[in-house]
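Close look at the chain arrangement
Below, each chain spelled out in residue letters.
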Amino acid sequence: MPTPINERPRISMESRSPTHIMKIEPDLPTIAKRYFIGIDVGTSSARACIVDEAGELISEKSAPIKTWHSRRDNVDYYEQSTENIWQACCANVRSVVSAARVNTKDIKGIGIDATCSMAVTNRGKTIDLSRNNYEEMEDGWGKGEKNVILWMDHRAHMEAADINEGIRLGWSETLKEVLKDVGGKVNPEMAMPKILWLKRNMPREIWEGCEFFDLADYLTYRMTCNTARGRSNVACFPGVDQSWKVDSLIEDDAPGTFRTDFLTAIGLEDLAKSTGPYCSSHPYISSPRLGNEFLMAGEPVARKGLAEEAAVQLGLQKETPVGSGVIDCYAGWLGTAGATHPDSPPVSEGRNRTFSRLAVVAGTSSCHILLHDKKERIPGLWGPWAECFIPGTYMSEAGQSATGSLIEYVVKSHKAYPKALEAAAKNEMDVYQWLNKRLAQMAKEQRRASMAEMALHLHVLPDFHGNRTPRGDPRMRGSIVGLNLSSDDVDALALMYYATIEAIGLQTREIIDTFERKQEGTGKPLDTPRFNIREIVMSGGQSKNKLLVQVMANTTGLPVVLPKYVNSTVVIGAAILGARAAEAKLGFGGRVLSKILEDMSKAGERVSPTADVKEKRILEAKYKVLLKMSDDQAQYREIMDSSTEIAERI
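Overview of the structure. Given the structure is predicted, the values throughout are model-derived calculations rather than measurements.

1. Considerations on the state of the cysteines
Applying the stated criterion across every chain yields a total of 0 disulfides. Cys-367 carries a free sulfur, and the closest cysteine sulfur to it, the one in Cys-329, is 3.6 Å from it. Accessibility expressed as a relative area gives 9% for Cys-367, which makes it buried.

2. Comments concerning the layout of surface pockets
Its volume calculated, the second largest pocket comes out at about 450 Å³. Lining the second largest pocket we find 23 residues, and of these His-414, Leu-483, Asn-484, Ala-492 and Met-496 sit closest to its centre. Broken down by element, the residue count for the lining of the second largest pocket peaks at 4 residues, all from helix H15 (residues 490-517). In terms of residue class, the lining of the second largest pocket is built from 12 nonpolar, 7 polar and 4 charged.

3. Here's the deal with the sheet that holds strand S17 (residues 326-327)
An order of S5-S4-S3-S8-S17 is seen for the 5 strands of this open sheet, with the pairing classed as mixed. Two strands close off the open sheet at either side, each with one partner strand: strand S5 (57-64) and S17. One ladder, built from 7 bridges, connects strand S4 (residues 45-52) with S5; its direction is antiparallel. Directly across from Ile-50, in S5, lies its bridge partner Ser-59. This element, helix H7 (residues 215-224), spans strand S3 (35-41), strand S8 (107-114) and S17 of the sheet and lies at about 145° to S8.

4. With respect to the environment of Leu-295
Looking at where Leu-295 falls in the secondary structure, it is placed in strand S16 (residues 294-295). Put simply, Leu-295 and Ala-228 are 67 residues apart on the chain and 7.0 Å apart in space, counted from C-alpha to C-alpha. Every residue in contact with Leu-295, bar those within four places of it in the chain, is listed here: Ala-228, Arg-229, Gly-230, Arg-231, Pro-300, Val-301 and Ser-324.

5. A word on the side chain of Asn-545
Mapping Asn-545 onto the fold places it in the loop between strand S24 (535-539) and helix H16 (546-556). Owing to a relative accessible area of 14%, Asn-545 belongs among the buried residues under this scheme. A polar side-chain atom of Asn-545 sits 3.1 Å from a polar atom in the side chain of Asn-436. A distance of 3.1 Å separates the side chain of Asn-545 from the backbone nitrogen of Leu-548, its partner in a polar contact. Not counting residues up to four positions away in its chain, the partners in contact with Asn-545 are Tyr-432, Asn-436 and Tyr-497.

6. Details of a nonpolar patch on the surface
A surface patch of nonpolar side chains, about 360 Å² in accessible area, is lined by Tyr-636, Ile-639 and Met-640. Of note, Ile-639 is situated in helix H19 (residues 613-642).

7. Remarks on the sheet that holds S24
Reading across from one edge, S20-S21-S19-S18-S24-S25-S26 is the order of the 7 strands in this open sheet, with mixed pairing throughout. A single partner strand is all that each edge strand has here, and the edge strands are strand S20 (382-386) and strand S26 (603-607). Here the strands of the sheet are splayed against their neighbours by 25° on average, with no regard to which way each runs. In this sheet, strand S25 (residues 560-563) lies alongside S24 in parallel orientation, the contact comprising 2 bridges. Residue Ile-536 lies in a different strand from S25, and its bridge partner there is Val-560. Each of S24, S25 and S26 is contacted by H16, which is oriented at about 155° to S24, the strand it contacts most.

8. Some words on the nonpolar core
Grouped together as the largest cluster of nonpolar side chains are 80 residues, with contacts concentrated most on Ile-195, Leu-198, Phe-212, Trp-333 and Phe-389. When residues of this core are assigned to their parent elements, the largest contribution, 8 residues, is made by helix H17 (residues 569-586). Apart from residues lying up to four places away in sequence, Phe-212 is in contact with Met-118, Ala-119, Val-120, Ile-195, Leu-198, Trp-207, Arg-229, Phe-237, Leu-271, Arg-289 and Leu-290. Among the nonpolar cores identified, the runner-up in size contains 65 residues, and Ala-423, Met-538, Met-552 and Val-607 belong to it.

9. Thoughts on helix H11 (residues 404-412)
Burial in H11 covers these residues: Leu-406, Ile-407, Val-410 and Val-411. Along the long axis of H11, the arc covered by the buried residues comes to 125°, so they all point the same way. Elements in contact with the buried residues of H11: helix H12 (417-426), helix H13 (431-445), H15 and H16.

Rules and cut-offs
Residues numbered from 1 in each chain as written. Predicted model: local features only at pLDDT ≥ 70, side-chain atom pairs only at ≥ 80, totals over all residues. Heavy atoms only, no water. Disulfide = S-S within 2.5 Å. Buried < 20%, exposed > 50% of the residue type's maximum accessible area, 1.4 Å probe, protein only. 1 Å grid on protein atoms, 1.4 Å probe; cavity = no way out; pocket = protein on both sides within 12 Å on 5 of 7 lines; lining within 4 Å. Points joined across faces, edges and corners; volume = space filled by probe spheres on them. Helix = DSSP H or I, 4+ residues; strand = E, 2+ residues; numbered from the N terminus. Nonpolar A, V, L, I, M, F, W, Y, C, P; charged D, E, K, R; others polar. Pairing = 2+ DSSP bridges. Contact = heavy atoms within 4.5 Å. Axes fitted to C-alpha atoms, helices over the stretch in contact; angles between N-to-C directions. Polar contact = N/O pair within 3.5 Å; in protein donor to acceptor, adjacent residues only side chain to side chain. Patch = residues over 30% accessible without salt bridge, like charges linked within 9 Å, V, L, I, M, F, W, Y side chains within 5 Å. Areas by Shrake-Rupley, 256 points an atom, 1.4 Å probe, with all protein chains shown as cover. Salt bridge = Lys/Arg side-chain N within 4 Å of Asp/Glu carboxyl O. Core = buried A, V, L, I, M, F, W, Y, C linked by side-chain atoms within 4.5 Å. Arc of directions from axis to C-beta.

Structure, rendered in structure tokens:
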């Protein structure tokens, strides 16, 4: 039975170990009687939570998931296992239900998000996806559990280059038209180049039995035995016809198909054929290998919701509504889009508040998401995706391939890192907290008005893992200007750390400028901003770093609104999908998604940009340097490529 209302516990955000269950403390009475489960699958861990109708966090659990990394032919391969991920999800859900002491009959919906990774099954079974794995097998080709190509895997760099070369050579007007939805070119992190890599490298008999899912869609399939895909997930499957027609939130036959002319143009015409993914509770569902039903985020997947086998594994009631899943960055958008701070600017009557807010979901990488009402393609950015969340709206997206991982790399690879780590331990801090403190001390000691002034001639181009947007160039690489011989000095490490987060913020400004001022076909500035972005709403692991958040505000010139539950925004966003599925399926509240966002997205602190005139001038100049560093690198590569008989595409 659930805990009596006046004894309902509250969650403390103090504990954050990889396998933690949060501490429970007494709280004020709550009137909520319905609960929703969110499941979030990140790059290195999976989480689950329970929230109430007001978006208050009741319990949360996380656990690590496995990643296999190898480097072959100068390319990084990253793989995971759907079975390993599923078992972690099941254990987490059982744990949060137990910790919250909530009756499973009161859990009215489940939502899920996952990284933009590609899961592959072969006639319903897992299958290893690395060429080397095939070569090492004795019992047959393709057997094994590593059936997820992680988002950051770049094995398909040649396939991406071939598709982009086809655009340049005019292979197909369809190809050129379709890829306008992803900024005009593909990159190796997208699904289509990865699928093409598999076709080129797999034995034909293995390839012909494969089905392809975005990871979130695979997990809703695992829950419901229904192969419906989420519309927002097609961002990495360009070529889907977006002629959606939503007659009912619980229809199982919403249209949506992949364009065969596009598939033919890139050499994947055989994907139009049907096959039957396997599920023991519902043995064979006829479905094209890429999906033929596409749902708005949170729409109920399958008429009966949670299948019996999955319900037993998760410890929940069968037929619990399951919301269509999303990529993790979109869950971050859901968890912050409706969060209104008292100081947030007013919006004109009848205008959706989320239209003026850019969501930055900053973890290992960063995604930038904007909901709007303009059916307009923006060169260099992805989208617009029609009616992925709210009818009559569009979603556009940008991103940086390495941000949190870049900060970690820069700090840990520095010769002074052991000294910084030791100093942090003595002060009972983590190394980033200590670096933040040391930078403040350095500015005071040097009588500098800002940290930007200390790093005046230190410049970082943060494209260490390529440029996702707005340049769309996986061949871009990081660079640093302004180094000296102070390699083992902790203050040098602190400045390098600051310059890195500053560069990430400056590149975010470049993305915002692309959203606002570039006009398709001309590149000329607009007299007025296209979307009038007035705030950033930030979530993900980086939002816990106070200095990084302040630098983000300073470099972009926009206030940054943080969520109430900084550590849990993404998984709460997943729970919001469960709330939408419950509202649509059970009809107990009649709330549409925009209302659910207002009720369940909670705002925390609002960080304003610097008002210091000198600092703003420095950051304006450093922004010009960052743009020139990007342009110059492209010119360097052109010089080197032209000096060789065959330009290397790596």
